[in-house]
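# Examining the three-dimensional arrangement
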Amino acid sequence: EIWPAKGSRSGDGASLRLADRPWQLATGSTVSCAKVLQLLPPDEVGLAEWCLLLAGWDGQSIPIAAVPLLHGVSKPPTHSVRPGLDAPLKEETKGAVALHLDSHGQLIALLSTGYIEAWDLFASRSLGRWRPQWPESFQPVGFCQDANVGFLVIGHDTDRGGASISMSPGLPWNATFQAAW
């Protein structure tokens, strides 16, 4: 289910039907439909100014879909989601642990292998793949990006138990993420 950012979680949400396999993880962002024309089914091009750009892990791949917001950004869509492409993974992986998609079309996947893979969805290109130097006992399980702090990765400490957080000022692929690991 999805809800408008300023709405409550009771009654304002909508369920989206997936045309393919169910997603185990999902992320999304609101973007101009003009930036994701290649992802829209032909019968949905030109229907709305804004689209919901979605990415999900379905157990095998990372499908990408754009859904026109026919009633603007304040009301969630209600029709089915038809992925237009898959983000290509560099190698077989056991799975994605976490996904992040920003309004600039940058998709970041934290993989179960410990690698981070990223794509620029607007340009339909890979931004690369990295294996950060995690501490030996650190098993990453999720992440987020903060404009003030940088890239935060939460993980399980396999030696001491519990959770720990690893911080980095950014990721190494462009000016938005200025520092390398």
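Described below are features of the structure shown in this document.

## Points about the nonpolar core
If you look at the biggest cluster of nonpolar residues, it comprises 22 residues, and the most contacted ones within it are Val36, Leu53, Ile62, Ile64, Leu107, Trp119 and Leu121. Secondary structure elements with two or more residues in this core: β2 (50–57), β3 (62–68), β5 (96–101) and β6 (106–111). No other element matches the four residues that β2 contributes to this core. Among all residues touching Ile62, those that are not within four sequence positions of it are Ala55, Gly56, Trp57, Leu85, Asp86, Ala87, Leu89, Leu99, Leu107, Ala109 and Trp119. Residues Ile108, Ile116, Leu127 and Phe143 belong to the second largest nonpolar core, which totals twelve residues.

## Things to note about the pairing of β6
Among the six residues of β6, six are classified as buried, and the element is accordingly described as predominantly covered. Across five bridges, the pairing between β5 and β6 is antiparallel. Looking at the pairing, Leu99 lines up with Ala109 of β6. The turn joining β5 and β6, which pair antiparallel and follow one another in sequence, is formed by four residues; a positive phi near 80 degrees is taken by Gly105.

## What to know about the packing of aromatic side chains
Throughout the structure, instances matching the rule amount to zero aromatic pairs. A cation over a ring is seen here: Arg129 above Tyr115, with NZ or CZ 3.6 Å from the ring centre.

About the criteria used
- Residues numbered from 1 in each chain as written.
- Predicted model: local features only at pLDDT ≥ 70, side-chain atom pairs only at ≥ 80, totals over all residues.
- Heavy atoms only, no water.
- Core = buried A, V, L, I, M, F, W, Y, C linked by side-chain atoms within 4.5 Å.
- Buried < 20%, exposed > 50% of the residue type's maximum accessible area, 1.4 Å probe, protein only.
- Helix = DSSP H or I, 4+ residues; strand = E, 2+ residues; numbered from the N terminus.
- Contact = heavy atoms within 4.5 Å.
- Pairing = 2+ DSSP bridges.
- Phe/Tyr/Trp six-rings, centres within 6.5 Å; stacked < 30°, edge-to-face > 60°.
- Lys NZ or Arg CZ within 6 Å of the ring centre and 35° of its normal.

Interpretation in functional terms is not warranted from these geometric data alone.
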